[in-house]
There are 4 protein chains.
Amino acid sequence: MSHNSFGHLFRVTTWGESHGPAIGCVVDGCPPRLKLSEADIQPWLDRRRPGQSRFTTQRREPDQVRILSGVFQGMTTGTPIALQIDNVDQRSKDYGDIADRFRPGHADLTYELKYGIRDPRGGGRSSARETAMRVAAGAVARLVLGARLRIRAALVQIGPHPIDRSRWDWDAVDRNPSSCGAVVEVVAEGVPPGLGAPVYAKLDADLAAALMGINAVKGVEIGDGFATASLSGEANADEMRMRDGVVAFASNHAGGILGGISTGQPVVARFAVKPTSSILTPRHSVDRHGQEVEVSTKGRHDPCVGIRAVPVGEAMVACVLADHLLRQRAQNPDAPDTPRLPRN
Amino acid sequence: MSHNSFGHLFRVTTWGESHGPAIGCVVDGCPPRLKLSEADIQPWLDRRRPGQSRFTTQRREPDQVRILSGVFQGMTTGTPIALQIDNVDQRSKDYGDIADRFRPGHADLTYELKYGIRDPRGGGRSSARETAMRVAAGAVARLVLGARLRIRAALVQIGPHPIDRSRWDWDAVDRNPSSCGAVVEVVAEGVPPGLGAPVYAKLDADLAAALMGINAVKGVEIGDGFATASLSGEANADEMRMRDGVVAFASNHAGGILGGISTGQPVVARFAVKPTSSILTPRHSVDRHGQEVEVSTKGRHDPCVGIRAVPVGEAMVACVLADHLLRQRAQNPDAPDTPRLPRN
Amino acid sequence: MSHNSFGHLFRVTTWGESHGPAIGCVVDGCPPRLKLSEADIQPWLDRRRPGQSRFTTQRREPDQVRILSGVFQGMTTGTPIALQIDNVDQRSKDYGDIADRFRPGHADLTYELKYGIRDPRGGGRSSARETAMRVAAGAVARLVLGARLRIRAALVQIGPHPIDRSRWDWDAVDRNPSSCGAVVEVVAEGVPPGLGAPVYAKLDADLAAALMGINAVKGVEIGDGFATASLSGEANADEMRMRDGVVAFASNHAGGILGGISTGQPVVARFAVKPTSSILTPRHSVDRHGQEVEVSTKGRHDPCVGIRAVPVGEAMVACVLADHLLRQRAQNPDAPDTPRLPRN
Amino acid sequence: MSHNSFGHLFRVTTWGESHGPAIGCVVDGCPPRLKLSEADIQPWLDRRRPGQSRFTTQRREPDQVRILSGVFQGMTTGTPIALQIDNVDQRSKDYGDIADRFRPGHADLTYELKYGIRDPRGGGRSSARETAMRVAAGAVARLVLGARLRIRAALVQIGPHPIDRSRWDWDAVDRNPSSCGAVVEVVAEGVPPGLGAPVYAKLDADLAAALMGINAVKGVEIGDGFATASLSGEANADEMRMRDGVVAFASNHAGGILGGISTGQPVVARFAVKPTSSILTPRHSVDRHGQEVEVSTKGRHDPCVGIRAVPVGEAMVACVLADHLLRQRAQNPDAPDTPRLPRN
């Protein structure tokens, strides 16, 4: 029940603050004999890295990941994989004046109330920088899931503007600039049926925790999500037919999950990212001495954290699926890879 | 990592199928010397019980809970509390004709694909009946939280109709009849600051998992939730002032949680319940032999599961808060009960 | 991290006090479609039951186990299996005079110091009666392990008298009467290689916890155990040769485990059971008011708990192996069942 | 349920191989505002370090620990503490000739059978080098436990020679040279009563797992351990009297634990370390191709791993006690620090 770990059989533990010497993670439970080198991880990190567009923070971090354990001669060994990124750009002087002041909408206050101490430099542990390790762990998770299973995310709403889905272009995703709050959709195709478990290990419940646990996320939905509240039972039911011995669904309102267990359809999840709380206009606030102050933030920050949340959302979904894939194998090693019937 | 447990220090394990001899749960980790009898639990169950209004299922279940362990002379002993409800109304013949057929929108198919076997009577393990034990466990969690902490939920949207919040009346909640999909809001007042933990034990992440894990829930949001995607950073920030040595917030867009940790404001969560998938109009489906069939459901079911989800949502929030209260005590025994500054 | 659960993928949670209405357990994670009825469990319970010989307690408990969930039409469904035994013989008046007094060598004092309350009737939660549920869970674990894997235990020392291993007779085990402290040896044959995991999920570490967690156990050893301290490295090494493509060991000092992982040899563990602390001669003690008293025990108790610990030890080993079998399947689904080389 | 983590609220995850670039650990759940720097950890590592006496391995490792996160301005922050030691002396050529051969008594074979791959350099993950991180984590655990709680270990048997307890000298422990197998005793004084929990979180069960999980350990006992099998119930019971309002025990056969819960007496545990399996005389073995070979080891190894196991045993006990101290605080925040009666 570590506070800084997630997953069970595929388990990730992260550590590190924004302005400490390094950040890192330990991936435990990865199956052996998967081909793995830094080159399998770095491209995913590069997608998340700040400085990629004029809309993301101006901080320059090379974010070069190193594998420190768990790999021998280019193959995973089944032992814990330690990944690490040195923090090379730590201009902590930028943050000196807010060491004692709590930025509205930030974790500054709650860390102080909980721990009575915090590393204020760059948000410390609550910095979005921690999500780099999620992306790194997600790259390993993708290897566990195999090439058949494809996970992609994209911004579907930026600020108040929904994106026109009929004009969707996956190739455009990486070029997508933007600003303020956002909604990100993650789609996982090729998910075998049977992942998840009743009643407190539902796949959707674990996805909800994983996505809500990303910095600045305030809402999560699966399939039609909140819109289902307005549907009738008939409209919401995904009808089924057989095609070549495999179940074919007429629709996917359920987002690929029924009763907490994957159906074999694409798993669809969406999450809402609040606008960054780093603000240039002074706002009312208080400091750790209980004095009323005005706060504005001068550090380098993302105008739209939603952009960088895209690869993080993909990574979290990858980690959850990898964990459930291993769990499924343990209890149901003979379960089918597709929703074929009869099952055996 | 039990599939049928949730929580860590306040940990609940449930068992039982809709039409087996009984359902039950084990509540582990409850502090000792709390006054507890069946009378503390039964009223919450009675709120959830079917047959309370003409909009909920016609099944009659007395749902009399019994405490089988963990209580001595009316006080908890610190050892596991076993709660049990006998299933007295099990007309399983109603379900005979759907034993081999998969109802669209139900877990029938996914249980078959995962396990290759399922108890089809009344939904078996995936029946909403399991939620009775969540409500029972939640009643124990409320005792751990104490009277100062108050958790209430209500329907805020029924089908496509949002409820007018300005005309809100907590007393009317229990009389609220309704139908189809719904959105339920849970508000916890009196939550001390400091509950939750970075990075993978965030209070909002645990609430998201707990609420998404309720049957038929497809979306969860905290505070302003999905609406924050449309807000600017300035509009979304909850400004702070001091009042009598305690932080006073000008607003609560954050829903009482910042950086995964409670602020001391009311914790606000909402979840969307899809319309019940039990349907009278025949729908296309398949059976376990891979044959195409038409399915309609004749059993006794809730037209709006959202109604019965209200006490379940409260109970899940109570369990999550009780768990985090114990976790907070372990690591930060001297943390304050209110957001007062300076902290010490 | 439940205080009353053990195992991870094959996970057992027990509840109940000696003199409450019932005791029970929940077995979670059991694979589906295993044939299971009460008749698979009852014989193991009958072996443990008191009143079997004149050396065990005179209490008469029918110990009829009931399956309340997780089984449909005689097959496991993959959902939690609830097992329950009603307590039908609860002469609690026997214990009235020790409600406030702490028996030396018993948990009476420590429960009071920890919780400030305890159910004194028959030892409450610390009663050896709880072990009945371990035996029941162990019966389920044996089904998971399959008939190829055989787990047997026997007394190898009773009081100060070691048992002559050269005259060993497995068939005599069930007839073995005895008294006072004891050492029990458990041997599991047919264990596949590869169970266990470095570094904190070693098979021997999990066996040590499982066996040390049995009431009155004060020591655990694997293979040659404490005797290895006196051996030289050469004498202790189990040499290897090949026989029909499979590794053949010249000896089994290691008890079937190297580096925390099973070798394919029989797994051998031993545990020491202290003499029962229930005593007829008055002993110095104190009561919950801090008064000095004399205590002797008049209840019905086992003169040698080692006898009844034999099936409990078997059950704990079965549960640990079942858990590790599932874990192994998750990470290494293609691992061989025997120590054959080359591996693939 | 990470394979490479232990503890629950005070949780340690280790990573790294003997001849990789570094080894490390993450300590999660440590309370905030404890004074911590490398100087609090290094002395414990120096005690464990090889090259300290002519009886330990000749490998020279500076073992300089670095704190990479979780500490700000010399104080713990409550966030994960990452500790790391670079591997600076990695003469891997020494191990080249045993890459394919399995040393009897080593984990070589079982890693191959489990994973189908292993890092053979210096034992890889199964190297005793991993225990350096346990010692480092134990140093942090000592800070959590406070100065009142003192944990010391010593060799009590070296090879076949028991050490004369009547001539015991704690100061001599650090100078104690030795060889072959060994028995190590760990004594923790100042342990508050109430640590541990029934039934599957017993303090002795967790100690057993922690100590059995140390490399080369084959047996664990608490208090009088295996000797209790030969005692009568009367002889084994620790009688109690009151002294200044606190329970005073006449003896400590129980090793400070009754019913899985600490009594307030010193906690006493012992573990047996088998002789190092690294051997100079050629032994029969096999290689990964299934060929019969002779194996002898030429690397630098400890003649008596028992010597270096002394600080490791202390560290594991420290970690277990720190974990249980936090757990106790969570459930029983008002429990007394000494066995005083009446409790409240």
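It should be emphasised that the depicted structure is a prediction, and the values quoted were computed from it without experimental measurement. (Residues numbered from 1 in each chain as written. Chains lettered and ligands numbered in written order. Predicted model: local features only at pLDDT ≥ 70, side-chain atom pairs only at ≥ 80, totals over all residues. Heavy atoms only, no water.)

Participant: Give me the overall build of chain A: which residues, what numbers.
Facilitator: Along chain A, the regular secondary structure elements total 6 helices and 18 strands. Within chain A, the proportion of its 344 residues that are buried is 68%. Contacts spanning at least 24 positions in sequence make up 70% of the contacts within chain A whose residues lie at least 6 apart. For chain A, the accessible surface area stands at approximately 10,600 Å², while carbon and sulfur atoms represent 50% of it. (Helix = DSSP H or I, 4+ residues; strand = E, 2+ residues; numbered from the N terminus. Buried < 20%, exposed > 50% of the residue type's maximum accessible area, 1.4 Å probe, protein only. Contact = heavy atoms within 4.5 Å. Areas by Shrake-Rupley, 256 points an atom, 1.4 Å probe, with all protein chains shown as cover.)

Participant: Now, about unusual backbone geometry: what can you tell me, with residues and values included?
Facilitator: Residues and elements named next belong to chain A. In this structure, Pro342 follows Leu341 across a cis peptide bond, with omega equal to -5 degrees. Looking at the secondary structure, you find Pro342 in the segment after helix H6 (305–331). In this structure, Asp244 takes a positive phi of about 55 degrees despite not being glycine. Tracing the backbone through its elements, the reader meets Asp244 in the loop between strand S12 (240–243) and strand S13 (246–249).

Participant: Talk me through the interface of chain C and chain A; I want residue IDs and the actual numbers.
Facilitator: Interfaces are often sized by the accessible area lost when the parts come together. Contacts between chain C and chain A engage 18 residues on the former and 18 residues on the latter. At the boundary of chain C with chain A, total buried surface from both sides reaches about 1,300 Å², with 51% on carbon and sulfur atoms. Contact with chain A buries surface across chain C, with C:Arg33, C:Ala330 and C:Gln331 losing the most and accounting together for 39% of the total. Residue C:Arg33 is joined to A:Asp334 by a salt bridge in which the shortest nitrogen-to-oxygen separation is 3.6 Å. (Buried area = accessible area lost by both parts, 1.4 Å probe. Salt bridge = Lys/Arg side-chain N within 4 Å of Asp/Glu carboxyl O.)

Participant: Provide a residue-level description of the interface of chain C and chain D, including the pertinent values.
Facilitator: On the chain D side, the residues contacting the 113 residues of chain C number 114 residues. For the pair chain C and chain D, the summed buried surface comes to about 9,100 Å²; carbon and sulfur atoms form 61% of the total. Our count for the contact surface shared by chain C and chain D stands at 6 salt bridges. Of the charged contacts, one joins D:Glu292 and C:Arg241 as a salt bridge, the two residues approaching to 3.5 Å between their closest N and O atoms. Summed over the shared surface of chain C and chain D, the result is 58 residue pairs in polar contact (both at pLDDT 80 or more). (Polar contact = N/O pair within 3.5 Å; in protein donor to acceptor, adjacent residues only side chain to side chain.)

Participant: Before we move on, could you go through the packing of H6(A) against helix H6 (residues 305–331) of chain C and cite the residues and values that matter?
Facilitator: Packing of H6(A) against H6(C) leaves a shortest axis separation of 7 Å and a crossing angle of 130 degrees. Comparing their axes, H6(C) and H6(A) come out oblique. Taken as a pair, H6(A) and H6(C) cross one another with a handedness that is right-handed. Two secondary-structure elements touch here, H6(A) through A:Leu326, A:Arg329, A:Ala330 and A:Gln331 and H6(C) through C:Leu326, C:Arg329, C:Ala330 and C:Gln331. Partitioning the contact of H6(A) with H6(C) into residue classes produces 4 nonpolar, 2 polar and 2 charged. (Axes fitted to C-alpha atoms, helices over the stretch in contact; angles between N-to-C directions. Parallel < 35°, antiparallel > 145°, perpendicular 65-115°, else oblique. Left-handed = near helix turned anticlockwise from the far one by under 90°. Nonpolar A, V, L, I, M, F, W, Y, C, P; charged D, E, K, R; others polar.)

Participant: So what's going on with the relation of the copies chain C and chain A? Which residues, and what values?
Facilitator: When chain C is fitted to chain A, the best match, at an RMSD of 0.0 Å, comes from turning it 180 degrees and sliding it 0.0 Å along the axis. These values place the two chain copies in the arrangement generated by a two-fold rotation axis. Using C-alpha coordinates, one finds that chain C approaches the rotation axis most closely at C:Ala330, a distance of 2.2 Å. (Least-squares fit on C-alpha atoms with pLDDT ≥ 70 in both.)

Participant: Hey, could you go over the relation of the copies chain C and chain D for me, with residue numbers and the actual values?
Facilitator: For the pair chain C and chain D, the best superposition has an RMSD of 0.0 Å and corresponds to a rotation of 180 degrees with a translation of 0.0 Å parallel to the axis. Mapped onto chain D, 100% of the interface residues of chain C again fall at the interface, so both copies present the same surface.

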